[in-house]
Amino acid sequence: MLKSNLAAVETPGVEPGHDDLANAIRFLAIDAVEAANSGHPGMPMGFADVATVLFTRFLKFDPLDADWPDRDRFVLSAGHGSALLYACLYLSGYPDTTIDQIRNFRQLGSRTPGHPEYGLLPGVETTTGPLGQGLTNAVGMALAERMLAARFGSEVVDHYTYVVAGDGCLMEGISQEAISFAGHMKLNKLIVLFDDNESSIDGPTALAESDDTLLRFQACCWNAVRVDGHDPEAISEAIAQARRSDKPTLVACRTIIGRGAPNKGGTVATHGAPLGKEEAAATKAALNWTSAPFEVPEATIDFWRTAGARNRHVREAWLRRFEAMDPEKRAAWDAFHDRGAPPGLDRLLDSFKSRLADERPAWATRKSGGEMLKLLTETYPQLIGGSADLTGSNLTKTPATTPISAADFGGRYIYYGVREHAMAAMMNGIVLHGGFIPYGGSFFTFTDYCRPAIRLSALMHLRVIYVMTHDSIGIGEDGPTHQPVEQLAALRAIADIDVFRPADAIETAECWALALQSTRRPSVLVLTRQSVPAVRVAHDTENLSARGGYVLAEAEGPRDVTLIATGSEVHLAVAARKALREEGIAAAVVSLPCWEKFDAQPKAYREAVLGDAPRVAAEAASTFGWTRYVESEDDVIGLRSFGVAGPAPALFEHFGITADGIAERARGLVAARRGA
């Protein structure tokens, strides 16, 4: 049993005690923050005891195979304490986390940024920093573990998800969505270690809250216990009990921020700034730490490395069980874990498009999406659907997607409840865990609730699919609170994401296929409530939407004007083209379902599509951003205010988003050019 004795002195030939191990974390964090002259030493110093117990006694991992599917997941939701995670990875023997990476903490080009970033270092399971996101990612991971276990059995899927959350994580509203869902689903392999240090940036947490955190979690069907976060045996017993629970567990670890610092310990002065040379030296003296900066005594690091390797035989035994798996089940496993494009997708799409070209349905694009989803979910069992209490409106549930519940994790449809933010962050966690491709639905205006998690989907390059319906003033009578205006521009402003606004059933099917083929980007499918006529009436084996924009209808003769539109305004542009043709004005119609894909095309292609004639754009949304394609916002038939309540057809007339409105602007541009 490791002894607890904070100011411990390592004696040659004697096995290091608990505090020797924990102090290695503390001083690596102190040294990293001092060298960077930037960072958060207080959290790693305060939580080092808990992290030491978890990593050396409980966490199932193998540094030599960081992607082992049955490893435990460790999520540092309190991402500002990243130095703690990097120290644990280095001490445990992750080859990529070298002492030089610790030295280069927070430096340009290093793999140890100020907040952990997924993909930079093995062992970093998710990008954290925006508080509450990691906690909710972890709920998604824990759910994915249960869903995989239901399909493949506990012989190959049997692991825990551990989360370190701080006061800030639990203050953020997303945390309530997450813990409520996790308790309802009885995700008993989810263990939250709460860094209960009663500190926030502004001062003591008592400045802003009086919550009884344990009662809060218990009310959400969790186990909740409080322990001394500096007593290794109490921590160990609490984690052991949590692992035996039939509920998710919160272990509130009462800690002292900056523990060990003789003058600043226990104060917010240690939260977001270096200790300073004098306080760092005083801390070393107080804790009897005699090693030079970035050095760890040999016996201590040997103990850590042995602890890091202790599960190697567990992984090897798992691998033997995995290799002995029934061939059919093994093939299914491989399909579920394949992060590439689903096989046969192009054939499925082509067949469906051929049918649609024959039938020319005038469906709302949400219905078109639902029809495509029926085919996709029948074909690809790794697709997991859901909605934030809008299933009947989003049309995201199909006959193949039976509900997931605490009693049956073998289903494929998640009822998230009215928890849009948690839905988005949980889907990130599901993808990060591996095994599934998630999609989730809500109203498009409520992407505002999802936006922080959508941004992280993009930052982490995750294939998460957001099905957002009721995309414009076409929602009608529900009024401006529910009518999206600025949301398209806001989402298009995010890097590394594809925002699709298809015009009809064929484009919707194409965009769904592209979302599945975009293995390193999230996608937002922006779909109508109202019916729209078919604008693609001839079958084309090529996925025309793949280039983001294309000429839907060329001008008859040299172009006088180009009409550009997305979604439900494409058919208006087609009608305007017809009216202009009758007046001797040759207009082309360009459908632009995805700006991001279009902007990625070669310049020559973009110039050929857009042409050099005057351009008019039409979109039932904010005009902001369209000047990348047209001369002026005056050339955009769109919205310059919030919507209003009323029947959808009346609203389009009210705002002038009509074929006549498009044609009128085109006439003016053509006349001006001819006059010049």
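Our structure's up above, just so we're on the same page.
Overview of the layout of surface pockets
Line of reasoning, step 1. The space that makes up the largest pocket amounts to roughly 720 Å³.
Line of reasoning, step 2. As for the largest pocket, its lining consists of 32 residues, of which Asp-67, Tyr-118, Arg-339, Val-431 and Leu-432 are closest to the centre.
Line of reasoning, step 3. Broken down by secondary-structure element, the contributors of at least two residues to the lining of the largest pocket are helix H13 (327-337) and helix H17 (420-433).
Line of reasoning, step 4. If you tally residues by element for the lining of the largest pocket, the top one is H17, at three residues.
Line of reasoning, step 5. When grouped by side-chain class, the residues that make up the lining of the largest pocket number 14 nonpolar, nine polar and nine charged.
Line of reasoning, step 6. Taken as a whole, the second largest pocket encloses approximately 300 Å³ of empty space.
Line of reasoning, step 7. Residue lining of the second largest pocket: 18 residues in total, with His-80, Leu-131, Gly-168, Ser-199 and His-271 positioned closest to the centre.
Line of reasoning, step 8. For the lining of the second largest pocket, the secondary structure elements donating two or more residues are helix H6 (167-171) and strand E4 (199-200).
Line of reasoning, step 9. Here the lining of the second largest pocket takes three residues from H6, the largest share from any one element.
Line of reasoning, step 10. Looking at side-chain class alone, the lining of the second largest pocket contains six nonpolar, 10 polar and two charged residues.

Some thoughts on the nonpolar core
Line of reasoning, step 1. Of all hydrophobic cores here, the largest spans 76 residues; its most connected members are Leu-143, Leu-187, Leu-190 and Trp-222.
Line of reasoning, step 2. In terms of residue count, helix H5 (residues 133-152) provides more of this core than any other element does, 11 residues in total.
Line of reasoning, step 3. Excluding residues within four positions of it along the chain, Leu-190 makes contact with Ala-138, Val-139, Ala-142, Thr-161, Val-163, Ala-182, Trp-222, Pro-248 and Thr-249.
Line of reasoning, step 4. If you look at the next biggest cluster of nonpolar residues, it comprises 64 residues, including Leu-84, Leu-89, Ile-191 and Leu-287.

Some remarks on the pairing of strand E13 (residues 523-526)
Line of reasoning, step 1. Covered by surrounding structure in E13 are Ser-523 and Leu-525 together with Val-524 and Val-526, the residues of both alternating faces.
Line of reasoning, step 2. With three bridges connecting them, strand E12 (residues 498-500) and E13 associate as parallel partners. Residue Val-499 lies in a different strand from E13, and its bridge partner there is Val-524.

Details of the state of the cysteines
Line of reasoning, step 1. Here the structure, examined in full by the defined rule, presents zero disulfides.
Line of reasoning, step 2. We note that Cys-169 lacks a disulfide partner, and the nearest cysteine sulfur, in Cys-253, lies 14 Å from it.
Line of reasoning, step 3. Classification of Cys-169 by relative accessible area gives buried; the value is 1%.
Line of reasoning, step 4. No disulfide involves Cys-450; its nearest neighbouring cysteine sulfur is the one of Cys-594, lying 19 Å away.
Line of reasoning, step 5. Residue class for Cys-450 comes out buried when judged on its relative accessible area of 0%.

About the cut-offs
Residues numbered from 1 in each chain as written. Predicted model: local features only at pLDDT ≥ 70, side-chain atom pairs only at ≥ 80, totals over all residues. Heavy atoms only, no water. 1 Å grid on protein atoms, 1.4 Å probe; cavity = no way out; pocket = protein on both sides within 12 Å on 5 of 7 lines; lining within 4 Å. Points joined across faces, edges and corners; volume = space filled by probe spheres on them. Helix = DSSP H or I, 4+ residues; strand = E, 2+ residues; numbered from the N terminus. Nonpolar A, V, L, I, M, F, W, Y, C, P; charged D, E, K, R; others polar. Core = buried A, V, L, I, M, F, W, Y, C linked by side-chain atoms within 4.5 Å. Buried < 20%, exposed > 50% of the residue type's maximum accessible area, 1.4 Å probe, protein only. Contact = heavy atoms within 4.5 Å. Pairing = 2+ DSSP bridges. Disulfide = S-S within 2.5 Å.

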